[in-house]
Amino acid sequence: MASSIPKTMAGVLIEKTGGTEVLQYKTDLPVPEPKEGEVLVKNEFIGINYIDTYFRTGLYPAPHFPYILGREGSGTIVSAGSGNTYNLSTGDRVAWMAQGAYAEYTAVPALYAHKIPDAISSHDAAAALLQGLTALTLIREAHHVNKGDWVLVHAAAGGVGLWLCQLLKAVGARTIGTASTDEKVELAKKNGAEVMINYSHEDVAARVKEVTGGAGAIAVFDGVGNFGNASGAVPPVTIARLSAKNTKLLRPTLFNYMVTREEFETYTGELFEFMTRDKMDVRVHEVYPLKEVARAHQDLEGRKTTGKLLLKP
Ligand code: NDP
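Residues numbered from 1 in each chain as written. Predicted model: local features only at pLDDT ≥ 70, side-chain atom pairs only at ≥ 80, totals over all residues. Heavy atoms only, no water.

In the annotation of an unreviewed UniProt entry, the entry for the protein chain reads NADPH:quinone reductase, and the organism field reads Coniosporium tulheliwenetii.

This is how it looks when you write it as structure tokens:
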């Protein structure tokens, strides 16, 4: 197996921050060598996440240049470094989260690679992992949602949004979602949102009050303003505003809930179980060829997409 690993590969890197013009598709990048505790994965699908655009624009600083964007994928392990690789070995089909995803091969810390169950395709695993885990940890850790709770989900037809709608339904909570178009409203409803608000022309606060009989939602998951920055850096909030309703404000990050192997394994196992047991809809907007990554970023930032965007190396 190892002898079939080439020396060079295709991938997408940035040498500076900016618009989609800084995304460079190359065909002569060195295939990484797995270090201790890492496995080398030949990627079958690469997941695009909104965070990739933050590193491209410079909203989040890239650790170095040139920098290969992307944080998740699925594929087959083709070699393993020394040390603890958590019983993963060559030939295993895995879904993973790590840096350097926009490429044919990625050296992945084995800590963040998980075997894909036979019932789940590599396509669906790459589409589910990062956004599904984000949604799952939001409803378990950021605010533990209980059966019957009313929860407000912004951008409910987006990648994380559709997972939130489905998972909230699966745990018996009631979702009020928001989205910018009627098509997105319909899609989120199909995925479990009980009430949808088109925030292009409806008053969100008034509708939430009306739907909940004046009580309001117990939690608000907002990828535009609390667990993400889809419309740019979030402006500061005056803390005194929270006193009116004893509101708790949290700015959660997925990786802080995934520090240990046990946490990663438990939540990934649970996500895969939800997917198979509850037959969740893995909505993929489009599988873009890796060299068309600029079009994918433009579609995502242009609010043209629903669900997940994948790249095919
Ligand atoms: P989405 O598929 O949700 O795409 C973003 C959506 O946000 C758009 O489709 C759009 O929906 C809405 N939106 C509102 N305002 C804007 C704007 N000005 N520009 C662009 N989009 C806007 O993306 P993801 O599912 O990948 O990510 C959703 C959010 O979750 C992001 O902010 C991301 O950073 C965050 N995230 C956070 C994580 C964490 O660990 N904290 C982990 C993963 C994601 P509409 O048209 O309906 O308004």
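A short note on the site of the ligand
Of all residues adjacent to the ligand, which total 27 residues, the nearest are Tyr54, Ser180, Lys184, Tyr199 and Gly223. The contact in question runs from an oxygen atom of the ligand to an N or O atom on the side chain of Tyr54, over 2.6 Å. Between an oxygen atom of the ligand and a side-chain N or O atom of Gln131, the distance comes to 3.0 Å. Look at the ligand: alone it shows 910 Å² of surface, and the protein chains cover 90% of it. (Near = heavy atom within 4 Å. Polar contact = N/O pair within 3.5 Å; in protein donor to acceptor, adjacent residues only side chain to side chain. Areas by Shrake-Rupley, 256 points an atom, 1.4 Å probe, with all protein chains shown as cover.)

Some thoughts on the sheet that holds strand β4 (residues 67-68)
By definition, the strands of a sheet pair up through backbone hydrogen bonds, in either a parallel or an antiparallel sense. Judged by pairing direction, the sheet is antiparallel, and its 3 strands sit side by side in the order β2-β1-β4 without closing on themselves. Bordering the open sheet on either side are β2 (24-30) and β4, each of which pairs with just one other strand. Inspection of the sheet shows strand β1 (residues 8-14) paired to β2 by 5 bridges, in the antiparallel sense. By the bridge assignment for β2, Gly11 is matched with Lys26. (Pairing = 2+ DSSP bridges. Helix = DSSP H or I, 4+ residues; strand = E, 2+ residues; numbered from the N terminus.)

As for the sheet that holds strand β11 (residues 195-198)
The sheet built from 4 strands is open, its strands ordered β11-β10-β9-β12 with parallel pairing. Here the strands that pair on one side only, and so sit at the sheet edges, are β11 and β12 (219-221). Taking the axes of each pair of neighbouring strands and ignoring which way they run, one obtains an average angle of 20 degrees across the sheet. Summarising the sheet, strand β9 (residues 150-153) and β12 pair through 3 bridges and their orientation is parallel. Bridged to Val151 within β12 is Ala219. Against the sheet, helix α3 (residues 159-170) makes contact with β9, β10 (174-179) and β12, and its axis sits at roughly 170 degrees relative to β9, the strand it touches most. Contacts between helix α4 (residues 182-190) and the sheet are confined to β10 and β11, with β11 contributing the most and set at about 165 degrees to the helix. (Axes fitted to C-alpha atoms, helices over the stretch in contact; angles between N-to-C directions. Contact = heavy atoms within 4.5 Å.)

Let's talk about the packing of aromatic side chains
Tallying each qualifying case throughout the model produces 6 aromatic pairs. Ring centres 5.7 Å apart and planes at 80 degrees place the aromatic pair Phe55 and Tyr60 in the edge-to-face group. With relative accessibility at 9%, the residue Phe55 sits in the buried group. One aromatic cluster is present, built from ring pairs that chain together Tyr50, Tyr54, Phe55, Tyr60 and Tyr67. The ring of Phe274 has Arg277 lying over it, and the distance from NZ or CZ to the ring centre is 5.1 Å. (Phe/Tyr/Trp six-rings, centres within 6.5 Å; stacked < 30°, edge-to-face > 60°. Buried < 20%, exposed > 50% of the residue type's maximum accessible area, 1.4 Å probe, protein only. Lys NZ or Arg CZ within 6 Å of the ring centre and 35° of its normal.)

Comments concerning helix α1 (residues 50-57)
Within α1, the full set of buried residues consists of Asp52, Thr53, Tyr54, Phe55 and Arg56. Taken from the residues just after α1, Gly58 is the one with a positive phi, measuring 100 degrees.

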